[in-house]
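# Structure assessment
Residue strings, one per chain:
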Number of protein chains: 2
Amino acid sequence: MNVNRIKNVLNKAQGIDALLISDPIAIYYICGKKVEPGERFLGLLLKRETKPVLFLNILFPMEETEGLQIAKYADGDDLCELLSRYIRKDEVLGVDKTLQARFLLPMQRYGLAKEYVDGSLPVDLSRSIKEEGELELLRKSSLINDAAMAEFKKLIHEGVSEKEVAEQIPAIYKKLGAQDFSFGAIVAFGKNTADPHHMPDDTIVKEGDAVLFDVGCIYNGYCSDMTRTFFYKHGPNEEQKKIYDLVRKANEEAEASIKAGVRLCDIDKVARDIITEGGYGKYFTHRLGHFIGIEVHEYGDVSAAFKDPVQEHNVFSIEPGIYDPETLGCRIEDLVIVTKDGCEVMNHYPHDIEIID
Amino acid sequence: MNVNRIKNVLNKAQGIDALLISDPIAIYYICGKKVEPGERFLGLLLKRETKPVLFLNILFPMEETEGLQIAKYADGDDLCELLSRYIRKDEVLGVDKTLQARFLLPMQRYGLAKEYVDGSLPVDLSRSIKEEGELELLRKSSLINDAAMAEFKKLIHEGVSEKEVAEQIPAIYKKLGAQDFSFGAIVAFGKNTADPHHMPDDTIVKEGDAVLFDVGCIYNGYCSDMTRTFFYKHGPNEEQKKIYDLVRKANEEAEASIKAGVRLCDIDKVARDIITEGGYGKYFTHRLGHFIGIEVHEYGDVSAAFKDPVQEHNVFSIEPGIYDPETLGCRIEDLVIVTKDGCEVMNHYPHDIEIID
């Protein structure tokens, strides 16, 4: 049980009397218990005046834990009746944004609470400010990712396909001390780089191709995520170089603009303006970045839609890209930690144009 | 667009005026469109009097389709307002059991419909009765699984670990013509067989070990799923043989009991009674089987909880198991198609005790 995190979450849950968290990862964040309930209900109830209660199917064994009450149920039990022993009919109940209709509709029919509201934000906001211990793990995860990038580059040679390269990535991460990858790696050659979510296929690398790696690993539960764009055998032509330099400038000036108090939308704007002024605005088709931590995509975007100021120890990606189907797709992505006066860029792999020989 | 499937679904949706399907796989089943919307809303609205409408974020390109209206929206648009152009305030709205609170709560707040009910069952029931074309693909998927089992067995040799075996499984499926595996294979040696959901680890096979494979592939979108339990180097001891024979008998008598009209719970009971009378009832810890098709687990269980009679062209697994931590875990699983007078067992890999040398 992480008492501080519970306090943080409840502080942020103004207007909510009872907060029923059902996302297994949010539950793990708060009480350190990892359960994958499949189609069964799993819920952690937080209230200000009482001990947290975990609602758990008896199929999932769990040892007693200080500070946590476990309310067990079996398949076929009346879950609403069980919940009603802990939630009062006159309370405002916060539920997770991911709570499914097959649970929510019966709760409403039962009259479990007075009102049902989206209660994910308090947990999301608490998760978005990382503790020292979390920052250490995120740094280590990104250091492994830096080292891995140098290894991935070596996999590129005459006749190799994207898929063949991608298949070797998990073993390299494990050798470097990561437990797993954080998402299916994007390995793209040539024209495929112009698809920001390209899945590695049987495309063979050709001389002059751009070679894009968007990769990440998990180290002790914390994710990394980085993108670099290389060139194979010979360097970029003039237009490719123009695109690369714009993306690099967008990345570096956006990173330079970050410090506690700056709005997320304004960081996005720094990068977007550079690319737009360079004439490639319509080819920068996605948000500048996303928050990251236990999950590779956590709540919070670096985009025009998020007007909030960043806070110390927010961690997110800065990943401008230009996807011109005629010329090149290019993305340069780092993870950063917001500090009082600036930011700490966790990735150290260089931004220079690099030619793989 | 599959007009027959739409008709089937609406016929089964009694009491529902408008059915809003949001599960991407159910949408694929009905209109053949595969979209992975991530965190964005995707919905297919079926009503008796009007053309189906697909609600789709503009980020996902889709060509015009005969018989389908596409209602596009962008991030930031008022989704409820868009939905309200197609759903009347006095209608009963069926929503998917998996619809998330972040969509359902705003719909309710907006007053989109008169009442919200779980509307998954009509689609689930329609999916549970397979068409001829689906049966052909399921048969082929299981034939590949039969052939693959013979190959997997050959991977067992002195010094090999569960993980090393499991890692070779995807390539074998592809060689045999499948596109993918349908779930992460269970490969378990020795005592690990007693955990029905064991994940392959670094355990090395030892003489006398039971060797369990629970594996499946996907062929043109349709899943297979089969389990066999072998022995390594020498045969089972007396108690192991007793367990194996009981499981085999439970499998075969349950399969022999199947025909259209028999209740799912009664099929489960045939297998469970045999194992219970043999003295191992407490070690048969799960349902006898699950429905299967586009997904490896579809709606419908062969268990005491499901009292419905089976219908022609239901497809499900029959997978009794005994998990005695002291002796052996053993499971024998086939897929069957219900017919008028019996069932067609789609797996042909033998049930005999087999010793891997």
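Just so you know, these numbers come straight off a predicted model, no measurement behind them. (Residues numbered from 1 in each chain as written. Chains lettered and ligands numbered in written order. Predicted model: local features only at pLDDT ≥ 70, side-chain atom pairs only at ≥ 80, totals over all residues.)

## Structural notes on the sheet that holds strand S7 (residues 180–181) of chain A
All names here are of chain A. Operational definition: Being paired, for any two strands, means DSSP has found at least two bridges between them. Numbered from the N terminus, helices here are DSSP runs of H or I no shorter than four residues, and strands are runs of E no shorter than two. The contact rule is simple: place each C-beta atom from the backbone, and if two of them lie within 7 Å, those residues are in contact. Each axis is a line fitted through C-alpha atoms, and for a helix only the stretch in contact is used; angles between axes span 0 to 180 degrees, taken between their N-to-C directions.
With respect to topology, three strands assemble into an open sheet ordered S7-S10-S11, the strand pairing being antiparallel. Unpaired on one side and paired on the other, S7 and strand S11 (222–223) mark the two borders of the sheet. Both S7 and strand S10 (residues 217–219) contribute to a ladder of two bridges, which runs antiparallel. In the strand pairing of S10, Asp180 is matched with Ile218. Seen against the sheet, helix H6 (residues 132–154) touches S10 and S11 and runs at an angle of roughly 140 degrees to S10.

## Things to note about the domain arrangement of chain A
All names here are of chain A. How we decide: Where a domain begins and ends is set by an automatic assignment or by a domain database. Side-chain classes are defined by residue name, with Ala, Val, Leu, Ile, Met, Phe, Trp, Tyr, Cys and Pro counting as nonpolar, Asp, Glu, Lys and Arg as charged, and the others, Gly among them, as polar.
Parsing chain A into structural domains produces domain 1 (3–127) and domain 2 (129–356). For domain 1 and domain 2, the distance between their C-alpha centroids amounts to 35 Å. On the side of domain 2, six residues touch domain 1, which itself brings five residues to the contact. Of all the secondary structure elements, the ones that give two or more residues to the side of domain 1 that touches domain 2 are helix H2 (24–31) and helix H5 (120–128). Looking at the side of domain 1 that touches domain 2, the element that brings in the most residues is H5, giving three residues. Here the side of domain 1 that touches domain 2 is composed, by residue class, of two nonpolar, one polar and two charged.

## So, the interface of chain B and chain A
Quoted interface sizes are often the accessible area lost when the parts come together. With 14 residues of chain B at the interface, the matching set in chain A holds 15 residues. Among the secondary structure elements, those contributing two or more residues to the side of chain B that touches chain A are helix H4 (101–110) and strand S6 (115–118) of chain B. Considering every element that reaches the side of chain B that touches chain A, the biggest residue donor is H4(B), with four residues. The residue inventory of the side of chain B that touches chain A, partitioned by class, reads seven nonpolar, three polar and four charged.

## Some points on the relation of the copies chain B and chain A
The criterion, for reference: Copy-to-copy superposition: least squares on the C-alpha atoms, limited to residues that have pLDDT of at least 70 in both copies.
Of the transformation superimposing chain B on chain A, the axial component is 0.0 Å and the angular component is 180 degrees, with the fit at an RMSD of 0.0 Å. Expressed as a symmetry operation, the mapping of one chain copy onto the other fits a two-fold axis. Considering only C-alpha atoms, the residue of chain B closest to the rotation axis is B:Gln100, which sits at 2.3 Å. Most of the interface of chain B is mirrored in chain A, where 100% of its interface residues are also at the interface.

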